[in-house]
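Topology and contacts: notes
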Amino acid sequence: ADADAARAICKEIVATTAGEENCIYHGWTVCGDTLTCREAYGSAVGLARHCEGVAASIERLLDGPATLREGQLHASLSQLPVLAEFVEERRRETGYCSRETQRFFAAEGGFSRYEVQQSMFGFFLRR
């Protein structure tokens with residue numbers, strides 16, 4: 001029941017995100033009782049707007065079928081301050097896009113054909 005409820009909310013989030021022009025990709029993966037949201041945006045501002053746009057759906061996910069395990073934001077060094085400022089301005093101590101769950105990673109090495117800012121949020125499904 002909780003997994004079905006989580007899937008329904010995840011589908012709602014995907015539908016909302018599909019209309020965001022700055023989104024490069026967005027999707028969910030499942031491994032055992034862990035649900036992971038993987039997404040990439042063309043800018044930190046686009047990622048921040050997305051966080052605001054799906055916040056109510058994420059809160060419903062957290063109030064019911066899942067608990068937030070961890071949040072990660074991966075960005076180019078120049079974009080990290082934008083993401084940190086977004087989290088600070090929201091003044092969320094816990095939950096989605098909060099001080100508690102944010103871990104910032106600066107891209108170092110490798111290559112990308114596009115400038116992308118990525119986020120990964122892991123949730124545990126309640127049983």
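Structural notes, computed from the coordinates.

1. Remarks on the packing of helix H2 (residues 44-53) against helix H4 (residues 80-90)
Relative to each other, H2 and H4 sit at 30°, their axes nearing to 9 Å. The angle between the axes of H2 and H4 places the two elements in the roughly parallel class. The element H2 and its partner H4 pack so that their crossing is right-handed. Contacts between H2 and H4 involve Ala44, Val45, Leu47, Ala48, Cys51 and Glu52 on the former and, on the latter, Val82, Leu83, Phe86 and Arg90. When its residues are assigned to classes, the contact of H2 with H4 shows eight nonpolar, no polar and two charged.

2. Focus: the packing of helix H1 (residues 2-18) against helix H3 (residues 55-63)
Axis separation between H1 and H3 bottoms out at 10 Å; the angle between their running directions is 170°. The orientation of H1 with respect to H3, classified from their angle, is roughly antiparallel. Facing Ala6, Ile9, Glu12 and Ile13 of H1, the residues of H3 in contact are Ser57, Ile58, Arg60 and Leu61. Residue composition of the contact of H1 with H3, grouped by class: five nonpolar, one polar and two charged.

3. Digging into the environment of Ala40
Along the chain, Ala40 turns up in strand E2 (residues 34-41). Take Ala40: its relative accessible area is 0%, and that puts it in the buried class. Once the C-alpha coordinates of Ala40 and His74 are considered, the two residues, 34 residues apart in sequence, prove to be 9.1 Å apart.

4. A few points about the pattern of salt bridges
Two side chains bearing opposite charge may form a pair once their charged atoms approach each other closely. All told, the structure shown has two salt bridges when counted by the stated rule. In this structure, the salt-bridge partner of Asp4 is Arg7, at a minimum N-O distance of 3.2 Å. Here Asp4 and its partner Arg7 are both found in helix H1, three residues apart, which amounts to about one turn of the helix. Owing to a relative accessible area of 52%, Asp4 belongs among the exposed residues under this scheme. Look at Arg7 and you get partly exposed, because its relative accessible area is 47%.

Here is what the cut-offs are and how they apply
Residues numbered from 1 in each chain as written. Predicted model: local features only at pLDDT ≥ 70, side-chain atom pairs only at ≥ 80, totals over all residues. Heavy atoms only, no water. Axes fitted to C-alpha atoms, helices over the stretch in contact; angles between N-to-C directions. Helix = DSSP H or I, 4+ residues; strand = E, 2+ residues; numbered from the N terminus. Parallel < 35°, antiparallel > 145°, perpendicular 65-115°, else oblique. Left-handed = near helix turned anticlockwise from the far one by under 90°. Contact = heavy atoms within 4.5 Å. Nonpolar A, V, L, I, M, F, W, Y, C, P; charged D, E, K, R; others polar. Buried < 20%, exposed > 50% of the residue type's maximum accessible area, 1.4 Å probe, protein only. Salt bridge = Lys/Arg side-chain N within 4 Å of Asp/Glu carboxyl O.

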